[in-house]
Amino acid sequence: MSEGFPRAVAQRLHVVPGRFAVEHLPHATFPEDDDWIALIRAPEGLTVIRDVPEFAEAERWAGFYGDGEGAPRVPGTPAEIVGPLAEAGIPLFVASTYHADLVLVPDHRLKEAADVLRDAGHRVEL
């Protein structure tokens, strides 16, 4: 590890209230409505994260969000969350903010993901 950079440490993670849908809009530059949480524009189109109502038939994602300590100046911070989930075979989607990362996992695997993150040394608040 290079000197001068703080080492990434275990984080305090909160489960974000509500559930989310992740959509891909290949030809859009902006969604047609204001009902979104995050937008990611890429060469292949727009990715939209939005709240999903209880009654909607959509793939549901649950979100973990860190307390933001140290980001973005602490290298490896997302890897310390994503790595253990990937090793456990849990699908995920990450949207980064200035302060922390929103890490989405399939809703039906939320408890398993929380256990994996705790085992990796993180504090998870459900």
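Computed from a predicted model, the values in this text were never measured in an experiment. (Residues numbered from 1 in each chain as written. Predicted model: local features only at pLDDT ≥ 70, side-chain atom pairs only at ≥ 80, totals over all residues. Heavy atoms only, no water.)

A. Fine view of the environment of Trp36. You can see Trp36 is positioned in the loop between β2 (20-25) and β3 (38-42). Its relative accessible area of 31% is what places Trp36 among the partly exposed residues. Counting along the chain gives 14 residues from Trp36 to Arg50, while the straight-line C-alpha distance between them is 4.3 Å. Residues contacting Trp36, with those up to four places away along its chain left out, are Phe30, Pro31, Val48, Ile49 and Arg50. (Helix = DSSP H or I, 4+ residues; strand = E, 2+ residues; numbered from the N terminus. Buried < 20%, exposed > 50% of the residue type's maximum accessible area, 1.4 Å probe, protein only. Contact = heavy atoms within 4.5 Å.)

B. Summary view of the packing of helix α1 (residues 77-87) against helix α2 (residues 110-119). The interhelical angle for the contact between α1 and α2, taken along N-to-C directions, is 120°, at an axis separation of 9 Å. The pairing of α1 with α2 is recorded here as oblique in orientation. For the pair α1 and α2, the crossing hand works out as right-handed. On α2, the residues touching Ile81, Pro84 and Leu85 of α1 are Ala113, Val116 and Leu117. (Axes fitted to C-alpha atoms, helices over the stretch in contact; angles between N-to-C directions. Parallel < 35°, antiparallel > 145°, perpendicular 65-115°, else oblique. Left-handed = near helix turned anticlockwise from the far one by under 90°.)

C. Main features of the pattern of salt bridges. For the structure on display, the rule yields six salt bridges. A salt bridge links Asp33 to Arg50, with the shortest nitrogen-to-oxygen separation between them at 3.0 Å. With Asp33 in the loop between β2 and β3 and Arg50 in strand β4 (residues 45-51), this residue pair connects regions lying 17 residues apart in the sequence. Between Glu112 and Arg109 there is a salt bridge whose closest N-O contact spans 2.9 Å. (Salt bridge = Lys/Arg side-chain N within 4 Å of Asp/Glu carboxyl O.)

D. Inspection of α1 at higher detail. Those residues of α1 that sit buried are Thr77, Ile81, Pro84 and Leu85. One side of α1 carries all its buried residues, which in axial view fall inside an arc of 100°. Residues of α1 that are exposed and point more than 90 degrees away from the buried face comprise Ala79 and Glu87. As for α1, its buried residues are in contact with β1 (12-15), β7 (101-106) and α2. (Arc of directions from axis to C-beta.)

E. Molecular detail of α2. Listing the buried residues of α2 in full gives Leu110, Ala113, Ala114, Val116 and Leu117. Burial along α2 is one-sided: seen end-on, the buried residues are contained in an arc of 160°. Those residues of α2 that are exposed and angled more than 90 degrees off the buried face are Lys111 and Asp119. Turning to α2, the residues buried within the fold contact β1, β5 (61-66), α1, β7 and β8 (123-125). Two residues or fewer past α2, Gly121 is found with a positive phi of approximately 100°.

F. Molecular detail of the side chain of Thr47. Topologically, Thr47 is positioned in strand β4. Thr47 gets classed as buried once you look at its relative accessible area, which sits at 16%. Residue contacts for Thr47: discarding those within four places in its chain leaves Val22, Glu23, His24, Ala38, Leu39, Ile40 and Phe93.

This is a description of form; function is not addressed.
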